[in-house]
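Reading the structure
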Amino acid sequence: MSDPYESAPERTFAALPPAHGRGFALTWWGQAWLKALEDAALDTQQVKTGRRLARAGAVGAVSVRPGRITAVVQDRDRTSHRADVLLQELSEEQWDRFLDMAVERAGHIAALLDREMPTHLVEDAAAAGVELLPGLGDLEAQCDCGAWDHCGHTAALCYQVARLLDQDPFVLLLLRGRGERELLDELQVRSVPRTATEAPGQEQAYEGVDAAEAYADGDILPPLPDAPPVPAEPGLPPSLDTETDPAPGVDPASLEFLATQAAREAHRLLTEALRTGHEQRSITAELTLAQDAVRLASGDPDTSVAGRLAEGSDRDREGLALAVRAWEHGGTAALDVLEADRPAQAETLARARAALESAWEEDQRPALRAARNRWTVADGRTQLRLGTDGRWWPYRKERGRWAPAGPASQDPATALALAEGQE
């Protein structure tokens, strides 16, 4: 799903999965949307066809903009049709009345931010002369299949939009002419109190509340509610499957990949932040551009994106693949061991030699050649590398290059067994 705070007056939603065994509208406002379709359609068979197509997942990405929703719908014979459904936008005067009404009752704004559309909001809007939900005949159909009324394709689009409305009623408000960010900005402006002496139309700065006073009064406030549960999986990135050609220099495949990785990283960070004891952990250093390129490459990009990441990290394709293997075994620490060839400090070297001597019986200890922070087995096929934290990393020679063979271990014998076990 696209970002609801984007500045462009259009949102594009990725194609939803098939809806086998479930209804299309679970909320009352979603059901009201479908009622406007079903009551106005002259051919009920077309409505049934649209329901079947939507249930089978035949509706592609849905574009929502003021006054129009658009999607490509695929027939059962695999032919595709562009379907549009139009809904009249609210006039400036109607929006003015709606915003004034919403400001008078803060609960209306809170409900919308919770992705709810309570009946009293719609009723208050109607009392102000603003009809938010479509009525009989308000949903106008256009389709390149040539139908002059709702066909199976436009009906399928309406059923799919009902699912989107269930998730976010701001979709309806955008269709009526205003995006979420624009609405919230206007509501904020109208919510600023005016002094009794302020002339109509005159702007006056709002002084706000003294921070010390607000903090002192904090103990009278109720405790914050528990944090909502973390979603089981990262959210879907916005779909770039639109009918507009990308601007010069813009690579949609790279943007989609970056959006997917950003969602995964946000999910990982949120999951870690809510774990017990997270506040006691030290803050990790910010990744360098080269390290971040490796992190992104671990997300299995396509060939073109992988090539750009290799170039951005100053590696060839094989070098990037080795870096990804290291990253997956131990993040930045493993990357450092892959790339660093540093001399060990005298104290670190002494501890390392003691660990090597105690890891095996004397008659079983392999012959190791030491070079800086690397110990290579005499046969030249396996190697131990010592990290700055004293852990041992297993390496194995593959096609003439040393490759990470597993995660680090405090015990050099365990690390070497892991390297030899990769044969």
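Look up a bit, the structure's there.
Here's what I pulled together on the structure shown here. (Residues numbered from 1 in each chain as written. Predicted model: local features only at pLDDT ≥ 70, side-chain atom pairs only at ≥ 80, totals over all residues. Heavy atoms only, no water.)

Concerning a nonpolar patch on the surface
Nonpolar side chains collect at one region of the surface, where L240, V250, L255 and L258 lie side by side and expose about 300 Å² of accessible area between them. Take L240: it is sitting in the loop between α9 (211-216) and α10 (252-273). Under the relative-accessibility criterion, L240 is labelled partly exposed at 34%. (Patch = residues over 30% accessible without salt bridge, like charges linked within 9 Å, V, L, I, M, F, W, Y side chains within 5 Å. Areas by Shrake-Rupley, 256 points an atom, 1.4 Å probe, with all protein chains shown as cover. Salt bridge = Lys/Arg side-chain N within 4 Å of Asp/Glu carboxyl O. Helix = DSSP H or I, 4+ residues; strand = E, 2+ residues; numbered from the N terminus. Buried < 20%, exposed > 50% of the residue type's maximum accessible area, 1.4 Å probe, protein only.)

As for the nonpolar core
Core analysis: the largest hydrophobic core is formed by 58 residues, its most contacted members being W33, F98, L132 and L157. Here the element with the most residues in this core is helix α6 (residues 152-167); it accounts for nine residues. Excluding its chain neighbours within four sequence positions, the residues that come into contact with W33 are I69, L87, P134, L139, C158, V161, A162, L165, L172 and L175. Core analysis: the next-biggest nonpolar cluster, separate from the first, contains 21 residues, V294, V324, V337 and W402 among them. (Core = buried A, V, L, I, M, F, W, Y, C linked by side-chain atoms within 4.5 Å. Contact = heavy atoms within 4.5 Å.)

A word on a negative patch on the surface
A surface patch of negative charge is lined by E357, E361, E362 and D363. Tracing the backbone through its elements, the reader meets E362 in the loop between α14 (346-359) and β6 (368-371). (Lys, Arg positive; Asp, Glu negative; His and termini not counted. Charge placed at Lys NZ, Arg CZ, Asp CG, Glu CD.)

Description of the pairing of strand β4 (residues 80-86)
Each regular strand shows side chains that alternate between the opposite faces of the sheet. Among the seven residues that make up β4, five are buried, leaving the element largely enclosed by the rest of the structure. Of the strand pairs in this sheet, strand β3 (residues 68-74) and β4 are connected by seven bridges, and their pairing is antiparallel. Across the sheet, residue A71 finds its bridge partner in β4, namely A83. Hairpin connection from β3 to β4: five residues lie between these consecutive antiparallel strands, with R78 at a positive phi of about 80°. Summarising the sheet, β4 and strand β5 (residues 140-143) pair through four bridges and their orientation is antiparallel. (Pairing = 2+ DSSP bridges.)

Some details on helix α15 (residues 412-420)
If you check which residues of α15 are buried, you get P412, A413, A415, L416 and A419. Projected onto a plane normal to the axis of α15, the buried residues spread over an arc of 160° and lie on a single side. Of the surrounding secondary structure, the elements contacted by the buried residues of α15 are α14, β7 (374-377), β8 (382-386) and β9 (392-398). (Arc of directions from axis to C-beta.)

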